[in-house]
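What follows is the residue order along each chain.
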Amino acid sequence: MEALPNNCEDIQPNTVYFSTSRLLVSFASEQIKFALKYDQNGKHLKAIEKGQVPPRGN
């Protein structure tokens, strides 16, 4: 496992990362493509680090 990168370009699909709060996170290739297209500032990754993104659903 690796630490969660600060930007979407460094994320590899199907790799398990851990956040600063030790939550385990992984991304599919479609999620990474979506983030690269719509979240250039990395707001979603910052929210994951803060624990503001629920593990399932919205």
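Higher on the page you've got the structure.
What comes next is a walk through the structure. As the structure is a prediction and not an experimental result, all values here were calculated from the model. (Residues numbered from 1 in each chain as written. Predicted model: local features only at pLDDT ≥ 70, side-chain atom pairs only at ≥ 80, totals over all residues. Heavy atoms only, no water.)

Details of the nonpolar core
The condition that has to hold: Here, nonpolar core refers to any group of buried Ala, Val, Leu, Ile, Met, Phe, Trp, Tyr and Cys residues whose side-chain atoms link them within 4.5 Å. Relative accessibility decides the category of a residue: with a 1.4 Å probe and only protein chains considered, values under 20% of the type maximum give buried, values over 50% give exposed, and everything between is partly exposed. Secondary structure elements follow DSSP: runs of H or I no shorter than four residues count as helices, runs of E no shorter than two count as strands, and numbering proceeds from the N terminus. Residues are treated as being in contact if the distance between any of their heavy atoms lies within 4.5 Å.
Grouped together as the largest cluster of nonpolar side chains are 10 residues: Leu4, Cys8, Ile11, Tyr17, Val25, Phe27, Ile32, Ala35, Leu45 and Ile48. Elements represented by at least two residues in this core include exactly helix H1 (29-38) and helix H2 (43-50). Those residues within four positions of Leu45 in sequence are excluded, and the remaining contacts are Leu4, Pro5, Asn6, Asn7, Cys8, Ile11, Phe27 and Asp39.

Here's the deal with unusual backbone geometry
The phi dihedral of Asn14 is positive, around 60 degrees, even though this residue is not glycine. Tracing the sequence through the fold places Asn14 in the loop between strand S1 (2-3) and strand S2 (17-18). Although it is not a glycine, Arg22 adopts a positive phi angle of roughly 70 degrees. Topologically, Arg22 is positioned in the loop between S2 and strand S3 (24-25). Taking the relative accessible area as the measure of exposure, Arg22 reaches 59% and is therefore exposed.

Looking at the sheet that holds S2
As a reminder of what qualifies: For two strands to count as paired, DSSP must find a minimum of two bridges between them.
Across the sheet, three strands lie side by side as S1-S2-S3; this open sheet has mixed pairing. Here the strands that pair on one side only, and so sit at the sheet edges, are S1 and S3. Pairing analysis gives two bridges linking S1 to S2, with the strands arranged parallel. Its bridge partner being in S2, Ala3 is matched across the sheet by Phe18.

Brief notes about the pattern of salt bridges
Test applied: Basic side-chain nitrogens of Lys or Arg form a salt bridge, by our definition, when they fall within 4 Å of a carboxyl oxygen of Asp or Glu.
Per the counting criterion, the structure on display carries one salt bridge. In this structure, Glu30 and Lys33 form a salt bridge, with 3.6 Å as the shortest nitrogen-oxygen distance. Linking Glu30 with Lys33, this pair stays in helix H1, spanning three residues, or about one helical turn. Its relative accessible area of 52% is what places Lys33 among the exposed residues.

So far we have only geometry, and geometry alone does not tell us how the molecule works.
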